[in-house]
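Here are the chains, one letter per residue:
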Amino acid sequence: MRETMEKLEDQYTAALRDSIAGMGESSLQQAYELGRRALADGLGVLDMAAMYHKALAAGLPRDSTPEETALMLKAGASFLRRACRRLK
C-alpha cells in the first residue's frame, strides 16, 4: 500500500499544482479521479488529507504574499473537497 500511496502522492501534487495555477475544471476532474483511485486502493479521508498537506507544503512558495497564500489555500481546499467526494 505504501507504493500506491507514493504514486498517488506524486499525481496529487502535480494535479494540485495545476489546480492552483488555475487549470479549472480539468484539474478538479483529476482530483475526482484521484479520489476514486484512492478509494479503490483502500485509502481513506485521512490518507487524502496527508497527501494534501504534503502537496501543499511542497507547492507553497516561501516568498508568497498573504494574498497569494490565501488564494492557493482556497484553490487547494476546493481540490481536496473534490478528491474526497467519493470517500464519504
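All values derive from a computational prediction rather than experimental measurement.

A. Fine view of the overall build of the protein. Regarding its fold elements, the protein presents four helices and zero strands. Reading the protein from its N terminus to its C terminus gives the helix and strand order α-α-α-α. For the protein, the C-alpha radius of gyration of 12 Å lies close to 12 Å, the compact-globule estimate for 88 residues. The buried share of the protein, taken over its 88 residues, is 34%. Of the contacts formed within the protein by residues at least 6 apart in sequence, a portion of 76% connects residues at least 24 apart. Here the protein has roughly 5500 Å² of accessible surface; of this, 55% comes from carbon and sulfur atoms.

B. Geometry of the packing of aromatic side chains. One pass over the full model with this rule turns up one aromatic pair. Aromatic side chains tyrosine 12 and phenylalanine 79 sit 5.0 Å apart centroid to centroid with 80° between the ring planes, which places their arrangement in the edge-to-face category. Of this pair, tyrosine 12 sits in helix α1 (residues 2-20) while phenylalanine 79 sits in helix α4 (residues 66-84), and the two are 67 residues apart along the sequence.

C. Region of interest: the nonpolar core. By size, the foremost hydrophobic cluster in this structure holds 20 residues, and its most contacted members are Tyr12, Leu16, Met48, Met51 and Phe79. Of all the secondary-structure elements, those providing two or more residues to this core are α1, α2 (25-40), α3 (45-59) and α4. Contacts of tyrosine 12, omitting those with residues within four sequence positions, involve Leu34, Met48, Met51, Tyr52, Ala55, Phe79, Leu80 and Ala83.

D. Region of interest: the pattern of salt bridges. Applying the stated criterion across every chain, the model contains two salt bridges. A salt bridge links lysine 54 to glutamate 9; the nearest nitrogen and oxygen atoms lie 3.1 Å apart. Of this pair, lysine 54 sits in helix α3 while glutamate 9 sits in helix α1, and the two are 45 residues apart along the sequence. Between arginine 36 and glutamate 33 there is a salt bridge, with the nearest N and O atoms lying 2.9 Å from each other. Residue arginine 36 and its partner glutamate 33 are both found in helix α2; the two are separated by three residues, about one turn of the helix. Using a relative accessible area of 37% as the deciding quantity, one classes arginine 36 as partly exposed. By relative accessible area, glutamate 33 is classed as partly exposed at 24%.

Parameters at a glance
Residues numbered from 1 in each chain as written. Predicted model: local features only at pLDDT ≥ 70, side-chain atom pairs only at ≥ 80, totals over all residues. Heavy atoms only, no water. Helix = DSSP H or I, 4+ residues; strand = E, 2+ residues; numbered from the N terminus. Rg over C-alpha atoms; globule rule 2.2 N^0.38 Å. Buried < 20%, exposed > 50% of the residue type's maximum accessible area, 1.4 Å probe, protein only. Contact = heavy atoms within 4.5 Å. Areas by Shrake-Rupley, 256 points an atom, 1.4 Å probe, with all protein chains shown as cover. Phe/Tyr/Trp six-rings, centres within 6.5 Å; stacked < 30°, edge-to-face > 60°. Core = buried A, V, L, I, M, F, W, Y, C linked by side-chain atoms within 4.5 Å. Salt bridge = Lys/Arg side-chain N within 4 Å of Asp/Glu carboxyl O.

The values are spatial; any link to function lies outside them.
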